[in-house]
Amino acid sequence: AEKYVLTKHFSGEPKKSDFKIVYEELPELSDGEILTEAEYLSVDPYMRAYMIGYKLPTDMIGGQVARIIASRNKNYPVGAYVAGSFGWRTHTICNPNKPPNMGFLPLNMLPDISPHPVSLGLGILGMPGNTAYFGLKEICKPQRGETIVITGAAGAVGSHVGQIGKILGCRVVGFAGSDEKCEYLEKELKFDRAFNYKTVDIKAALRESAPNRVDCYFDNVGGEISSTIMSYMNKNGRVAVCGSISSYNDAVLPKVTILQPAIVFKELKVEGFLVNRWADRWSEGIKANLAWLREGKLQYQEKVYHGFDNMVEALVGILRGENIGKAVVKVK
Ligand code: NDP
């Protein structure tokens, strides 16, 4: 197996020189174990934020979709696909009863998703899909007719949240980082409005697109824009704090914006969450998203990078906003 070992803590954007690719000899399989070969590896923003806490050198964390190529476990036959948090590596031996847990994707067998690519096990039918599903439904609890605002709206999680919002009969407004992304959200995904946060005045955009103000805010980015949106919410609005990518590359956290008045006077409910809170309901989210996909209610787009050697390029790509929808790396 080949694997990425992180040897230097990130400073600013991740760099190739922060990693070493190491070859590892794998042992024979024991009873109950499977050997998998990675087909798609995931790059996710949490990787940038999370590795700060690790003692180095350490194997790089992350989810992957892999094919079982040898098995001594009758429930996991050769040829089947699994998704799991195996890290940035090509081959893995694992006992499905005690899977490696190097990320936020619990081990699961992929259902039959043909004719769609198995990479969806890292996107709408995987961790980001369940983040959108549970984060929106359980934390924002949107009601038909309410207005949902989403930041990071064209990414893996954000683009999915908006589509569920439309399925639930809500008004959906997104903020994303380019005109092309906004056009995709409005024309293809049927967001009611989408704005390029780099070029618009956020308050003016909210006044124009959310005449009844904002009931639910799905926050992927944090920072100044989130404070502005929260100040434009309705009484008893709900905020799902999913991520804060606007500060993941910063060495020093940005200066604090005062948003407590909005929380108090509008009696907001603000809740941070990690998707593995719903690990025991994982298949419920996948089933719901798969059903919407099959009914044609859920669309997806992927940004596919090619080659195991290009993992770092892909990770930097999502931090720079190169992707629409989910970014994955096709290993071969
Ligand atoms: P995305 O597919 O959305 O990719 C990241 C996107 O973030 C980029 O495309 C870019 O889009 C945007 N971005 C980058 N820098 C900034 C910035 N400075 N300000 C605003 N936007 C920026 O990633 P995911 O959908 O996988 O994740 C979205 C968020 O959800 C992240 O914060 C992530 O950490 C979080 N998350 C949280 C989980 C949880 O359990 N709580 C689980 C999964 C994800 P643009 O062009 O619009 O700037």
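Residues numbered from 1 in each chain as written. Predicted model: local features only at pLDDT ≥ 70, side-chain atom pairs only at ≥ 80, totals over all residues.

Caption draft 1: Up close: the environment of Gln299. Examined against the element boundaries, Gln299 turns out to sit in the loop between α8 (282–294) and β15 (302–306). Leaving out residues up to four positions away in the same chain, Gln299 has contacts with Gln163, Glu188 and Leu189. (Helix = DSSP H or I, 4+ residues; strand = E, 2+ residues; numbered from the N terminus. Contact = placed C-beta atoms within 7 Å.)

Caption draft 2: Seen up close, the pairing of strand β6 (residues 81–84). Sheet analysis places strand β5 (residues 64–71) next to β6, joined by 4 bridges and oriented antiparallel. Paired with Val65 across the bridge in β6 is Ala83. (Pairing = 2+ DSSP bridges.)

Caption draft 3: Structural context of the nonpolar core. Core analysis: the biggest nonpolar cluster contains 81 residues, and Leu185, Tyr217, Phe218 and Val329 have the highest contact counts within it. Here this core gets 7 residues from one element, more than from any other, and that element is helix α2 (residues 127–140). Two domains each donate at least three residues to this core, and these are domain 1 (2–122 + 302–330) and domain 2 (127–275). In this structure, Phe218 is in contact with Gly135, Leu136, Cys140, Ile148, Ile150, Val161, Ala240 and Cys242, ignoring residues within four places of it in sequence. With 8 residues, the next largest nonpolar core counts Ile124, Trp282, Ile286 and Tyr300 among its residues. (Core = buried A, V, L, I, M, F, W, Y, C linked by C-beta atoms within 7 Å. Buried ≥ 20, exposed ≤ 12 C-beta atoms within 10 Å, placed from the backbone. Domains from an automatic or database assignment.)

Caption draft 4: The arrangement of the site of the ligand in detail. Close to the ligand lie 29 residues; Gly155, Val157, Gly177, Gly243 and Gly321 are nearest. Breaking the shell around the ligand down by element, the ones donating at least two residues are α1 (45–50), α2, α3 (156–167) and α9 (311–320). Per-element tally for the shell around the ligand: the top contributor is α3, with 3 residues. Of the residues assigned to the shell around the ligand, the class counts are 16 nonpolar, 11 polar and 2 charged. When residues of the shell around the ligand are assigned to domains, at least three map to each of domain 1 (2–122 + 302–330) and domain 2 (127–275). (Near = placed C-beta within 6 Å. Nonpolar A, V, L, I, M, F, W, Y, C, P; charged D, E, K, R; others polar.)

Caption draft 5: Spatial organisation of the sheet that holds strand β1 (residues 2–6). Spatial strand order, β2-β1-β4: 3 strands in an open sheet with antiparallel pairing. Lying at the two open borders of the sheet, with one neighbouring strand each, are β2 (19–23) and β4 (58–59). Looking at chain direction, β1 and β2 are connected through 5 bridges and run antiparallel. Bridging across to β2, Tyr4 finds its partner in Ile21.

Caption draft 6: Region of the structure containing the UniProt feature "domain: Enoyl reductase (ER)" (unreviewed entry) in the protein chain. Per the UniProt record, "domain: Enoyl reductase (ER)" (unreviewed entry) is found at residues 16–329. The span residues 16–329 is 27% helical and 25% strand by assignment, and the distance between its end C-alpha atoms comes to 15 Å. (UniProt positions renumbered as here; feature names shortened; annotations may be inferred.)

Caption draft 7: Geometry of the domain arrangement of the protein chain. Domain assignment breaks the protein chain into domain 1 (2–122 + 302–330) and domain 2 (127–275). Among the residues forming the side of domain 1 that touches domain 2, the class breakdown is 6 nonpolar, 6 polar and 3 charged.

Caption draft 8: Quick peek at the sheet that holds strand β9 (residues 147–151). Taken in spatial order, the 6 strands of this open sheet run β11-β10-β9-β12-β13-β14, and their pairing is parallel. Where the open sheet ends on each side, the last strands, each with one partner, are β11 (193–196) and β14 (269–272). Geometrically, the sheet is characterised by an average inter-axis angle of 15° between neighbouring strands, direction not taken into account. For β9 and strand β12 (residues 214–219), the ladder comprises 3 bridges, and the chain directions are parallel. (Axes fitted to C-alpha atoms, helices over the stretch in contact; angles between N-to-C directions.)

Caption draft 9: Geometry of α8. A rise of 1.5 Å per residue sets the reference length of α8, with its 13 residues, at 18 Å; its end C-alpha atoms lie 19 Å apart and thus fit the reference within 8%. Among all positions in α8, only Trp282, Gly285, Ile286, Asn289 and Leu290 are buried. Along the axis of α8, the buried positions cluster into a sector of 125°, meaning they face one direction only. Exposed side chains of α8 directed beyond 90 degrees from the buried face belong to Ala291 and Arg294. Next to the buried residues of α8 lie β8 (108–109) and α2. One or two residues past the end of α8 sits Gly296, with phi positive at roughly 80°. (Expected span 1.5 Å × (residues − 1). Arc of directions from axis to C-beta.)

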